[in-house]
Amino acid sequence: MRSISIFGATGSVGEQTVDLLRRAGGAGAFRVVALTGGRNVARLAEIARELQAEVAVCADPDGLVELRERLAESGVAVAAGPEAIAEAADRPADWVMSAIVGAAGLVPGLRVLRHGATLALANKESLVTAGPLLMAEAAAHGARILPVDSEHSAIFQALVGEDIAAVERIVLTASGGALRDWPLEALAAARVEDALAHPNWAMGQRITIDSASMFNKALEVIETREFFGVEPDQIEVIIHPESLIHSMVGYRDGAIMAHLGAPDMRHSIGYALNWPKRADLPVARLDLARIASLTFRAPDLARYPALRLARDVMARRGLSGAAFNAAKEVALDQFLAGRLGFMRMAELVERTLAALDPELGGSNLLNGLEDVLAMDHLARVRAVETARRMAGDA
Ligand code: NDP
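Reference entry: report on the structure contained in this document.

Parameters at a glance
Residues numbered from 1 in each chain as written. Predicted model: local features only at pLDDT ≥ 70, side-chain atom pairs only at ≥ 80, totals over all residues. Heavy atoms only, no water. Near = heavy atom within 4 Å. Polar contact = N/O pair within 3.5 Å; in protein donor to acceptor, adjacent residues only side chain to side chain. Helix = DSSP H or I, 4+ residues; strand = E, 2+ residues; numbered from the N terminus. Nonpolar A, V, L, I, M, F, W, Y, C, P; charged D, E, K, R; others polar. Phe/Tyr/Trp six-rings, centres within 6.5 Å; stacked < 30°, edge-to-face > 60°. Buried < 20%, exposed > 50% of the residue type's maximum accessible area, 1.4 Å probe, protein only. Pairing = 2+ DSSP bridges. Expected span 1.5 Å × (residues − 1). Axes fitted to C-alpha atoms, helices over the stretch in contact; angles between N-to-C directions. Left-handed = near helix turned anticlockwise from the far one by under 90°. Contact = heavy atoms within 4.5 Å.

So, on to the site of the ligand. Taken together, the neighbourhood of the ligand is formed by 25 residues, with Thr 10, Ser 12, Gly 38, Arg 39 and Glu 125 sitting nearest. Backbone polar atom of Gly 204 to an oxygen atom of the ligand: 3.0 Å apart, as the coordinates give it. Mapped by element, the contributors of at least two residues to the shell around the ligand are helix H1 (12-23) and helix H6 (124-141). Its residues assigned to classes, the shell around the ligand shows 12 nonpolar, 9 polar and 4 charged.

See below:
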């Protein structure tokens with residue numbers, strides 16, 4: 001029986017993974033090793049009971065008592081706190097979903113790779129923060145990383161049977177997010193609820209706002225570079241408002257392989273779950289005659305400064321990905337708290353990167369985990385300081 005763990009089981013990607021496991025037979029068809037959540041202890045306990053997990057872990061240490069009560073006499077062991085999540089990653093499983101949001105997904109992902117598992121990677125932040133470390137850890141232990149981000153799953157599928165050396169360019173599609181049709185001058189006043197109204201995808205709160213600012217696409221550009229090993233100038237971004245083409249690979253002979261499908265994460269999660277086979281998935285089928293047309297437009301960098309910052313990060317490498325991601329997470333927290341305007345998130349990230357410049361290291365530096373975590377911490381401290389100064393300026 002295949003053994004499975006889900007990190008971030010209570011989130012949007014986690015729940016959709018649970019849905020696919022349930023449809024494929026649930027507890028009777030899989031041995032579920034570890035399920036983790038953050039603060040939603042009630043939901044974590046429900047899923048753990050349903051799937052008869054060996055252990056359920058919540059990131060929030062204050063959740064332990066409630067988790068224990070809710071799972072009393074269920075046979076599910078319980079634990080809490082970040083170290084307990086990392087320990088859950090040490091429990092061997094054949095297939096592990098990495099769907100924690102943010103840099104908190106990095107350490108568990110690395111520890112999963114150490115026992116040679118297949119890591120289905122939704123947590124793009126870990127590749128942005130420590131791509132070379134993650135790829136080296138997978139290679140050292142014969143582990144496999146399968147992309148779950150819909151764009152990267154699309155690219156991965158468009159590369160099947162092809163030689164990466166024949167790739168000329170990779171075209172990442174972007175919906176443009178909730179504010180794509182707002183006038184540029186109105187964006188400064190966008191509120192959280194405006195940025196959350198995504199036109200095509202139902203996702204977690206943080207990634208939805210990152211879609212509106214295109215910080216999500218910026219992370220994905222860096223993720224593409226780290227995962228597929230292509231050069232930064234081979235990666236393009238195009239706005240495709242319908243979100244039906246999930247990304248494309250252009251080859252040296254001029255051919256472009258595009259991956260189309262309904263905007264439903266269960267496709268790319270299911271692809272990673274069933275890889276290298278394909279299985280029936282409960283996703284809508286495209287009616288191309290009804291869709292009739294697909295449209296594209298170039299992204300305006302004045303509207304999406306995050307894309308320009310991603311280019312800087314790729315040129316610099318070293319610890320700049322760790323600093324970029326951490327500063328972006330702080331900027332988002334500040335926006336969510338109403339302390340920073342929508343367009344000032346990119347300004348905060350840029351100012352934080354500039355302040356850290358001497359400490360970001362050179363290109364191609366393969367940093368140890370401690371350096372990465374130290375930079376993650378430092379960048380958060382600097383970003384909070386910068387945010388305070390920016391609030392003073394305003
Ligand atoms: P959600 O916010 O919906 O879920 C995040 C999960 O992580 C939840 O289980 C949450 O627990 C848990 N969590 C939050 N903080 C911590 C922490 N500090 N330590 C441990 N666990 C924590 O996110 P999504 O599912 O939207 O996204 C997950 C990842 O997948 C992200 O990296 C995102 O970029 C990526 N992704 C998501 C897509 C989507 O469609 N949603 C598409 C492509 C990629 P709880 O809810 O219990 O607090």
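Let's shift gears to the packing of aromatic side chains. Throughout the structure, instances matching the rule amount to 6 aromatic pairs. Judged by centre distance (5.8 Å) and plane angle (45°), the ring pair of Phe 215 and Phe 324 falls under tilted. On the criterion of sequence distance, the pair formed by Phe 215 in helix H10 (residues 215-228) and Phe 324 in helix H14 (residues 320-336) is long-range, its members being 109 residues apart. Looking at Phe 215, the relative accessible area reads 2%, which means it is buried. Here Phe 324 falls in the buried class, since its relative accessible area comes to 0%. An angle of 85° between the planes, with centres 4.8 Å apart, marks the rings of Phe 227 and Phe 228 as edge-to-face.

With that settled, consider the pairing of strand E11 (residues 256-260). Across 5 bridges, the pairing between strand E10 (residues 245-251) and E11 is antiparallel. Bridge assignment links Val 249 to a residue of E11, and that residue is Met 257.

Structurally, the α-helix is built with 3.6 residues per turn, so residues lying three or four positions apart point the same way. Under the 1.5 Å per step criterion, the end-to-end length of H1 is 17 Å for 12 residues, consistent within 8% with the ideal 16 Å. Every buried residue of H1 is accounted for by Val 13, Gly 14, Gln 16, Thr 17, Val 18, Asp 19, Leu 20 and Leu 21. With its phi angle positive at about 115°, Gly 25 sits one or two positions after the end of H1.

All right, on to the packing of helix H7 (residues 150-158) against H10 then. For the pair H7 and H10, the least separation of the axes is 10 Å and the interaxial angle reads 35°. By crossing handedness, the relation of H7 to H10 is classed as right-handed. Along its contact with H7, which presents Glu 151, His 152, Ile 155 and Phe 156, the element H10 presents Lys 217, Glu 220, Glu 223, Thr 224, Phe 227 and Phe 228. In terms of residue class, the contact of H7 with H10 is built from 4 nonpolar, 2 polar and 4 charged.

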